[in-house]
Amino acid sequence: MSTIGNARFTYAEVRPYAVPEDLDELQGPAHGMVVLPHELAWSGRREFDLDDTYDRTALYKIVLEEGGRQDLRRFLNKELLQRHWSDLRPARQVRTRWEQRFPGLCHAA
């Protein structure tokens, strides 16, 4: 927790999370194994099977919270994101920013 003046905030509240301009930018794979680079999966596991619900959810959470715009394009798939948005549990600030940019996600799945 940090403060500016009298305002208290967490890093998550001010972190510049990446959000694409358009969901069509998300051209990542829809099936199979994906290996994330160390800079994204810095806390351990790097290999994920997109055909496995747990793995897909874990990969999407990592990329949504840690990825930059290029990572979003490379690893996220528009159709998978829309189909499984309600199952993903990214940080509140990430979810809010994505749903503000793409209100249709609130009603997806």
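Just so it is clear, the structure is predicted and the values come from calculations on it, not from any experiment. (Residues numbered from 1 in each chain as written. Predicted model: local features only at pLDDT ≥ 70, side-chain atom pairs only at ≥ 80, totals over all residues. Heavy atoms only, no water.)

Here we look at the nonpolar core
Cut-off, in case you're wondering: As used here, the term nonpolar core means buried Ala, Val, Leu, Ile, Met, Phe, Trp, Tyr and Cys residues forming a set that is joined through side-chain atoms within 4.5 Å. Only protein chains enter the accessibility calculation, which uses a 1.4 Å probe. A residue is then buried if its area is under 20% of the maximum for its type, exposed if over 50%, and partly exposed in between. Numbering of helices and strands runs from the N terminus, with a helix taken as a DSSP run of H or I at least four residues long and a strand as a DSSP run of E at least two residues long. Contact criterion: two residues are considered in contact whenever any of their non-hydrogen atoms come within 4.5 Å of each other.
Counting residues in hydrophobic clusters, the biggest one holds 26 residues, and the most contacted among them are Leu-36, Leu-81 and Trp-98. Taken together, the elements giving at least two residues each to this core come down to α2 (53–66), α3 (69–75), α4 (78–84) and α5 (92–101). Among the elements that line this core, the one with the most residues is α2, at four residues. With sequence-adjacent residues up to four places away left out, Leu-81 is seen in contact with Leu-23, Leu-26, Tyr-60, Leu-64, Leu-88, Trp-98 and Leu-105.

Description of the pattern of salt bridges
Any two side chains of opposite charge can pair, given that their charged atoms come close. Inclusion rule: Take a side-chain nitrogen of Lys or Arg and a carboxyl oxygen of Asp or Glu: if they are within 4 Å of each other, that pair is a salt bridge.
As enumerated under the stated definition, the model contains seven salt bridges in all. The closest approach of N and O atoms between Arg-45 and Asp-55, which form a salt bridge, is 2.5 Å. You can see Arg-45 sitting in the loop between β3 (33–35) and β4 (47–49) and its partner Asp-55 sitting in helix α2, a full ten residues away along the chain. Taking the relative accessible area as the measure of exposure, Arg-45 reaches 42% and is therefore partly exposed. With a relative accessible area of 10%, Asp-55 lands in the buried category.

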